[in-house]
Amino acid sequence: MTSLSPPPAPASPATGQRRLLGRWWRRQSPARQDRFATLGPLASVLLFLAAIISAFWYLRNEELEREAEAVKRDTEIAQQQIRLRLIENQEQLVRMAREFVTRELDASDFTPQASAFVSDRPEITQFVWLGADRQVRGRYSAQAEREDSAPQGAQPPALATVRTETEWAFIAARDLRQPIYSRTYKDRHGAMVFQVHVPMLHRGQFSGALVADYSIDVLMRHFVPTEVTRRHNIAVIDEREQTIASSVLPMPGGAQQRAPILHDVPLAPAANGLVLRGSGYRTSVGLIGNTLFWMVVALSVLTLWMLLGTWRHVRRRAQIQGALVQETNFRRAMENSMLTGMRAMDIEGRVTYVNPAFCAMTGFTEHELIGRLPPYPYWPADRIDENTRLLQQELQGRSPAGGIEVKVMRKNGTLFDARMYVSPLVDSRGHQTGWMTSMTNITEAKRIRDQLSASHERFTTVLEGLEAAVSVLSVQQGELLFANRSYRLWFGADAGGHALLASGTAPNLPLDMTGHDDEDGLSGLPTQELTGLGANPREVYAASLDKWFDVRARYLQWTDGRLAQMLIATDVTARRRAEELAEQQAEKAQVSSRLITMGEMASSVAHELNQPLTAITNYCNGMVSRVKADTIDRDALLAALGKTARQAERAGQIIHRIRAFVKKSEPQRQPSQASNIVEEAVELASIELRRRNVAIHHYVAQRLPDIHCDPILIEQVLLNLLKNGAEAIDSAKMPASRRHIELRVIPRHTPDEGGVIEFSVTDMGPGLPDEVIARLYEAFFSTKAEGMGIGLSLCRSIIESHRGRIKAQNLYNGTLITGCRFAFTLPVETTARHEETTLAHRPDDTALDAEVRHNRTPAA
């Protein structure tokens, strides 16, 4: 009997998928297999936790939805109860209003009906009948004992307090002709209420309104079912989200917990912004209290923690491997990119490592240097003994911290300067295994250092050869950092000379800032701004040396970063003395010029004085004769004596003016008015002008600012110009129509000088030739035979010393010269004293008499 084996069963799809998955798993790397072996259980635990949490979340949401439906149902039940009550009361009020209008009831009939209406309606606290003019025609209150104390016919205090709300509701009921509910307010007892205004219409005309006050708290207490308030909190909320009434008392301190489940419905039919809000809480703990759930969660968390620990270990190991590779690559890249040569050698001096920079410096390859013992191929042949000594010093650990400067030979035989720094190589056990040397090419740095040293030597030589004293002082420590030969010759090596020269030449900074070494006394100073300031020249007198110095100071940062002050003091004693001598000579020349001017005007002055003296003589002789003849009375005698006194006063004024002009005094600059200077000069010049039969016209602009000048010197300039003009007219025998001079003083503004006052003297004489105008201000040059040639030169010196300018020009009529004009300008004084001086010298009675002061002195 033949036994037949059954045919093999075909492979199921699941078996094929397992085979494919096995082949894919075997193709993965061991690291990836470890990762998948770790992440598989982790993913399973996470899925299990996700399923548990999803179930818990679903049950919790179901509970919240059921609670929300219960809150919504109870809130709508409370709304329906309150709504039915309000509609019922509103319909009753409408019937009462119609009955009052139809039957024409008065106030006495109102009280019984109001009492019957309010008695079975506890939510109504007050019932009022208002007329069309909003006057109270009847009132009934549930608190009768409190209403009895109020006077009849007067407006209740509570109504006055809420006049805005009730008046708005009254007007709306009157205009819309339908019941209107007011907004909430507090009555006199502090309870929150609102009103309903029912209009009373008689034949289409508004005749008043019935007003009922609703207590919100009573509405909540009587018309919200008890079973609803037991389950949920029902509250009335206004438009500001404020709780007006609630079925649950608020928590102490006002910290009422906000309910997680809320449902709001309007308080119909009031439509006054009130909302009925129901709130509830989830009462059951649900799945959260299930012990089995928490055990599953705890086991899952424990498994998850263990899997996470394993995964972190694997990840940390991979990170360490990656960091090691990255650090190795970084060190190799850093060594290849740096310009400093690196060389490592063992304890015996054998080269174990060189970086590419070292190879580039020496020209030798890495294979030519690794494993070499001294002498190394980059040692110069003539320095082998020296380099061997330095190498032994390195191997013994006695290399200086600042490095060793050596000569290195390249492969092509050229030499360069290098500096080497040596440090020990220590392994992980703390044992020294060799030495690491860094080498830097200092050829260029050494060349620059030598050039700087030579430049410093040349600069020091120049400073030592200067005739000026140069010193540099540290501002913080008061230490003299540098002083050249001239400074040491004058002041020695002491910083006191610097302090003497620095007085007043720079900002006031303390020069003695000695203190603790770790403190910077001037750390807050603006160093950048100070070093950016320019030199501030100043002349300083050194009494100990009897010398004047022109000192220029500025701040700079010294080589070590400290703030320092540099002074350059030049000896200007000779120049100062020459200037003082020149000033003395100028003063003498000015006095001499005034004396010469008066000497030239002596005959005119004598003639001017002769007139009052002759008049005095005649008056005296006449009075003597009449007194002897006894033909003069007391009044006539007094009149004659008065005339004699006026003539004597006139002579005294002439002498006083001349004496003040020629008096020798120190120059004194002060704020002066141009009008006063012109008047004094014209008075003096008039003596000479009358003798030469020349008229003078002068014009001074009104309200001129003050000029800061010496009035006597400016008066001297004007007198000289006026006298020269009169002499030119008289010498040329000009006709009477051209025998006059004009003096004008006006303000001007020029781009170069700014605001100035211009004095101009214009004569109608023959003018000046061009070659004379070119040499007009030269000393000792004159066109007059008896002239000394110092008048106009002195005038220009006086004007320029006042920071002014003077010029002369001919006046032309076509090509014909019609006269000559001298003009000079003086800068104005723009100070606050100008207004005070102007008011003091111009009284109110005469300051505004005319726009110009125009006087004419006729010819004698």
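Small disclaimer: the values here were computed from a predicted structure and weren't measured.

Conventions we followed
Residues numbered from 1 in each chain as written. Predicted model: local features only at pLDDT ≥ 70, side-chain atom pairs only at ≥ 80, totals over all residues. Heavy atoms only, no water. Helix = DSSP H or I, 4+ residues; strand = E, 2+ residues; numbered from the N terminus. Contact = heavy atoms within 4.5 Å. Areas by Shrake-Rupley, 256 points an atom, 1.4 Å probe, with all protein chains shown as cover. Pairing = 2+ DSSP bridges. Axes fitted to C-alpha atoms, helices over the stretch in contact; angles between N-to-C directions. 1 Å grid on protein atoms, 1.4 Å probe; cavity = no way out; pocket = protein on both sides within 12 Å on 5 of 7 lines; lining within 4 Å. Points joined across faces, edges and corners; volume = space filled by probe spheres on them. Nonpolar A, V, L, I, M, F, W, Y, C, P; charged D, E, K, R; others polar. Patch = residues over 30% accessible without salt bridge, like charges linked within 9 Å, V, L, I, M, F, W, Y side chains within 5 Å. Salt bridge = Lys/Arg side-chain N within 4 Å of Asp/Glu carboxyl O. Buried < 20%, exposed > 50% of the residue type's maximum accessible area, 1.4 Å probe, protein only. Core = buried A, V, L, I, M, F, W, Y, C linked by side-chain atoms within 4.5 Å. Expected span 1.5 Å × (residues − 1). Bend = angle between axes of the 7 residues up to and from the residue. Phe/Tyr/Trp six-rings, centres within 6.5 Å; stacked < 30°, edge-to-face > 60°. Lys NZ or Arg CZ within 6 Å of the ring centre and 35° of its normal. Polar contact = N/O pair within 3.5 Å; in protein donor to acceptor, adjacent residues only side chain to side chain. Arc of directions from axis to C-beta.

Draft legend 1. Local environment of the overall build of the protein. Across its full length, the protein holds 25 helices and 28 strands. Restricting to contacts in the protein with at least 6 residues of sequence separation, those with at least 24 account for 60%. Roughly 50,800 Å² of accessible area belongs to the protein as shown, and the carbon and sulfur atoms make up 54% of that amount.

Draft legend 2. Focus on the sheet that holds strand β8 (residues 243-246). Taken together, four strands build an open sheet; the order of strands is β8-β7-β10-β9 and the sheet is antiparallel. Edge positions in the sheet fall to β8 and β9 (261-266), since each of these pairs with one other strand and no more. Neighbouring strand axes in the sheet, compared pairwise and without regard to direction, differ in orientation by 25° on average.

Draft legend 3. View of empty space enclosed by the protein. Overall, the coordinates contain two cavities of 30 Å³ or more when judged by the stated rule. Reported here for the largest cavity is a volume of approximately 130 Å³. As for the largest cavity, its lining consists of 13 residues, and the residues nearest its centre are Trp379, Asn387, Glu394, Val406 and Met420. For the lining of the largest cavity, the per-class residue count stands at nine nonpolar, one polar and three charged.

Draft legend 4. Summary view of a nonpolar patch on the surface. Taken together, the side chains of Leu302, Trp305 and Met306 present a nonpolar region at the surface, about 370 Å² in accessible area. For tryptophan 305, the position within the fold is in helix α9 (residues 291-337).

Draft legend 5. Just the sheet that holds strand β12 (residues 351-354), in detail. On the basis of which strands lie adjacent, the open sheet formed by five strands has the order β12-β11-β15-β14-β13 and antiparallel pairing. Two strands lie at the open edges of the sheet, namely β12 and β13 (404-409), each paired on one side alone. If you compare each strand with its neighbour and ignore which way they point, the axes differ by 35° on average. Examined bridge by bridge, β13 and strand β14 (residues 415-426) share six bridges and lie antiparallel to one another. Across the sheet, the residue bridging to glutamate 405 is arginine 419, located in β14. Where helix α13 (residues 443-465) meets the sheet, it contacts β13, β14 and β15 (432-441), and its direction lies at approximately 120° from that of β14.

Draft legend 6. Inspection of unusual backbone geometry at higher detail. Following proline 374, the chain continues to proline 375 via a peptide bond in cis, the omega torsion being 5°. Mapped onto the elements of the fold, proline 375 is located in the loop between α11 (366-369) and α12 (384-395). The residue arginine 134 is not glycine, and still its phi comes out positive at about 65°. Within the secondary structure, arginine 134 sits in the loop between β1 (124-131) and β2 (136-141). Even without a glycine there, the phi angle at arginine 703 is positive, about 55°. Tracing the backbone through its elements, the reader meets arginine 703 in the loop between β22 (695-701) and β23 (707-709).

Draft legend 7. Representation of the side chain of serine 182. Along the polypeptide, serine 182 turns up in the loop between β3 (180-181) and β4 (185-186). Given a relative accessible area of 0%, serine 182 falls into the buried group. If we skip the residues at most four places from it in the chain, serine 182 touches Glu165, Trp168, Ala169, Phe194, Gln195 and Asn272.

Draft legend 8. Up close: the nonpolar core. Ranked by size, the top nonpolar core spans 46 residues in total, and within it Leu718, Phe759, Phe822 and Phe824 carry the most contacts. If we skip the residues at most four places from it in the chain, phenylalanine 822 touches Leu721, Phe759, Ser760, Val761, Leu768, Leu776, Tyr777, Leu792, Lys807 and Ala808. The next biggest cluster of nonpolar side chains, apart from the first, holds 39 residues, and it includes Ile82, Tyr181, Leu219 and Ile244.

Draft legend 9. Expanded view of the environment of valine 71. Of note, valine 71 is situated in helix α2 (residues 30-103). Classification of valine 71 as buried rests on a relative accessible area of 0%. It is 6.7 Å that separates the C-alpha atoms of valine 71 and histidine 263, two residues lying 192 residues apart in sequence. Filtering out sequence-adjacent residues up to four positions away, valine 71 remains in contact with His232, Ile261, His263, Gly278, Ser279 and Gly280.

Draft legend 10. Layout of helix α20 (residues 674-691). Taking 1.5 Å per residue as the helical rise, α20 with its 18 residues ought to reach 26 Å, and the 26 Å between its terminal C-alpha atoms agrees with that figure. Alanine 685 marks the point of greatest bend in α20, at about 35°. Listed in full, the buried residues belonging to α20 are Ala674, Ser675, Ile677, Val678, Ala681, Val682, Leu684, Ala685, Ser686, Ile687, Glu688 and Leu689.

Draft legend 11. Quick peek at the pattern of salt bridges. This model, assessed by the stated rule, comprises 39 salt bridges. Put simply, arginine 575 and glutamate 539 hold a salt bridge, and the shortest N to O gap is 2.5 Å. Of this pair, arginine 575 sits in helix α17 (residues 573-600) while glutamate 539 sits in strand β18 (residues 538-542); the two residues are 36 residues apart in sequence, bridging distant segments of the chain. Judged by relative accessible area, glutamate 539 falls into the partly exposed class, the value being 26%. Here arginine 692 and glutamate 727 are joined by a salt bridge, their closest N and O atoms 3.9 Å apart. Of this pair, arginine 692 sits in the loop between α20 and β22 while glutamate 727 is found in helix α21 (residues 711-731), placing the two residues 35 residues apart along the sequence.

Draft legend 12. Representation of the packing of aromatic side chains within the structure. Tallying each qualifying case throughout the model produces 16 aromatic pairs. Here phenylalanine 194 and tyrosine 214 contribute two aromatic rings whose centre-to-centre distance is 5.4 Å and whose plane-to-plane angle is 20°, an arrangement assigned as stacked. Here the residue phenylalanine 194 occupies a position in strand β5 (residues 192-202), and tyrosine 214 occupies one in strand β6 (residues 205-215), the gap between them amounting to 20 residues. Exposure remark for phenylalanine 194: the relative accessible area of 0% places this residue in the buried category. Directly above the aromatic system of tryptophan 548 lies the positively charged group of arginine 576, at a separation of 3.7 Å from the ring centroid.

Draft legend 13. Fine view of the environment of phenylalanine 759. Inspection of the secondary structure puts phenylalanine 759 in strand β25 (residues 754-763). The buried category is assigned to phenylalanine 759, whose relative accessible area is 0%. Phenylalanine 759 sits 41 residues away from leucine 718 along the chain, and the two C-alpha atoms are 8.4 Å apart. Once residues lying within four places of it in the same chain are set aside, the contact partners of phenylalanine 759 are Ala674, Val678, Ile707, Leu718, Arg744, Val745, Phe822, Ala823, Phe824 and Leu826.

Draft legend 14. Quick look at the side chain of aspartate 346. Structurally, the position occupied by aspartate 346 is in strand β11 (residues 341-346). A polar side-chain atom of aspartate 346 sits 3.2 Å from the main-chain amide nitrogen of glutamate 348. There is a polar contact of 3.0 Å between the side chain of aspartate 346 and the backbone nitrogen of glycine 349. The residues contacting aspartate 346, other than those within four sequence positions of it, are Thr352, Leu395, Thr433, Gly434 and Trp435.

Draft legend 15. Inspection of α12 at higher detail. Given a rise of 1.5 Å per residue, twelve residues ought to cover 16 Å, and the 16 Å separating the end C-alpha atoms of α12 matches this to within 8%. All of the buried residues along α12 are Asn387, Leu390, Leu391, Gln393 and Glu394. Projected onto a plane normal to the axis of α12, the buried residues spread over an arc of 160° and lie on a single side. Buried residues along α12 sit against β11, β13, β14 and β15. Two residues or fewer past α12, glycine 397 is found with a positive phi of approximately 75°.

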